Every structure is written in C-alpha cells, then in structure tokens.
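Fold and geometry: a report
The lines below spell out each chain.
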Amino acid sequence: SSPKGEARAKLGLSDQRVILFFGYVRRYKGLHALLDAMPRILQTLKVKLLVVGEFYDDEEKYRKQIADNGLQNDVIVYSEYVPNEEVRVYFSACDVVVLPYVSATQSGIVQIAYQFDKPVIATDVGGLAEVVLNEKTGFIVPPQQPDKVANAVLRFYTEQREEEFTRNVKEEKKKYSWDNLVGAIEELVG
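Now for a quick tour of the structure. (Residues numbered from 1 in each chain as written. Predicted model: local features only at pLDDT ≥ 70, side-chain atom pairs only at ≥ 80, totals over all residues. Heavy atoms only, no water.)

The next thing to look at is unusual backbone geometry. For Gln144, which is not glycine, the phi dihedral falls at a positive 60°. Structurally, the position occupied by Gln144 is in the loop between β6 (138–141) and α7 (146–158). Here Gln144 falls in the partly exposed class, since its relative accessible area comes to 47%. Not every positive phi belongs to a glycine, and Gln160 is a case in point at roughly 50°. Structurally, Gln160 can be placed in the loop between α7 and α8 (162–172). Judged by its relative accessible area of 68%, Gln160 falls in the exposed class. (Helix = DSSP H or I, 4+ residues; strand = E, 2+ residues; numbered from the N terminus. Buried < 20%, exposed > 50% of the residue type's maximum accessible area, 1.4 Å probe, protein only.)

At a minimum axis distance of 8 Å, the contact between helix α1 (residues 3–10) and helix α4 (residues 84–93) shows a crossing angle of 110°. Comparing their axes, α4 and α1 come out roughly perpendicular. The two elements α1 and α4 cross, and the hand of that crossing is left-handed. Taken together, the residues of α4 that come into contact with α1 (itself represented by Pro3, Lys4, Ala7, Arg8 and Lys10) are Val89, Ser92 and Ala93. Of the residues that constitute the contact of α1 with α4, the class distribution is four nonpolar, one polar and three charged. (Axes fitted to C-alpha atoms, helices over the stretch in contact; angles between N-to-C directions. Parallel < 35°, antiparallel > 145°, perpendicular 65-115°, else oblique. Left-handed = near helix turned anticlockwise from the far one by under 90°. Contact = heavy atoms within 4.5 Å. Nonpolar A, V, L, I, M, F, W, Y, C, P; charged D, E, K, R; others polar.)

Distances and angles like these do not, on their own, reveal function.
This is the structure:
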C-alpha cells in the first residue's frame, strides 16, 4: 500500500480527499480564512481538513467557528505538539498542504511539504509566491479571501492537478538542500 494509504489508516481516515493545515496556530496563519472556505468547498466536494499544531491563539474561537460553519465532521484538529517523527504521518496522509497566511516572512512548512512531495496552496504574502510556483507546484491566492482559497482547493481536485504538481515539486525541491530543511524543522519545533 502507498505511504498515503498507510498514513491515513494510522489516522483512522478512509481514502478520501484530505487537505492539511500544519504548524503553530497564530492569527497571522489565516486558519480562520480556511475554515470559512470549507463550506464552499464542501458544497462541491467531500474533503477532510486536518488541522495539526499547537494553538498560540484562542483555540475556543476556532472550535466555535468550526461549529458555526457546521464542520464538526469535516475538520479534524490535532492541537498538540507534534514530535519530529510524527510529522511524516500528517504530510503523507494529505493530498495538498494549505497555508492561508495573512502575513509571513517565509515558511519552513513549504520546504517540509516539498520534502514529502506535497503540492501547496498558499497566499501571496512574504516570500511564499517565490517558493510555491503558481500553477506549477501549487496555487497562490490572495490573503484573507476564503472564496479564493476554496476555488484553489476545488481546482486542485476537479482539474486533477495532484500528479502534475507532485512531479513539479520533486523537480523544484532539488533546489533546497537538506541543511535548509533541517534548519526549517529546527526553527519549527524550537
């Protein structure tokens, strides 16, 4: 079976569409925009959202947003520290990583996604558009626009871009040395 299949089995997920939000949850990471995008996505496609990372913002607020949007069955929250060796499971389980940041300088998460050959949907903030190549290794959307995030996720699936984007990620990640990745992970868990 595939690494994706194994990872999903470990997380108790059936073989469906899975998108991943990974990293510390802080306001600027834009999880609120992704949670607002989910009802739009779900009108068209069945998709599970994994939210993985410690909350450095009021978790209750997000839980309420999940409930208000009727997403209790569609969003799975793992709100604890993720040890290095478990990072792989979450990335392996997903089809695409979504980083709906409101602002950012740069993100080590993209490099981790690439390490696991995962395409990324990210917002056009900080240097994200330099590492996530629009229409090539993923999609770049404007920040704070849930509709645009929803459209990108829907396009990813309806246009069946996973294989093409994954191939491009494998090519693109050759630019990133292992040292950079280790630095990104250390910064993430440090």
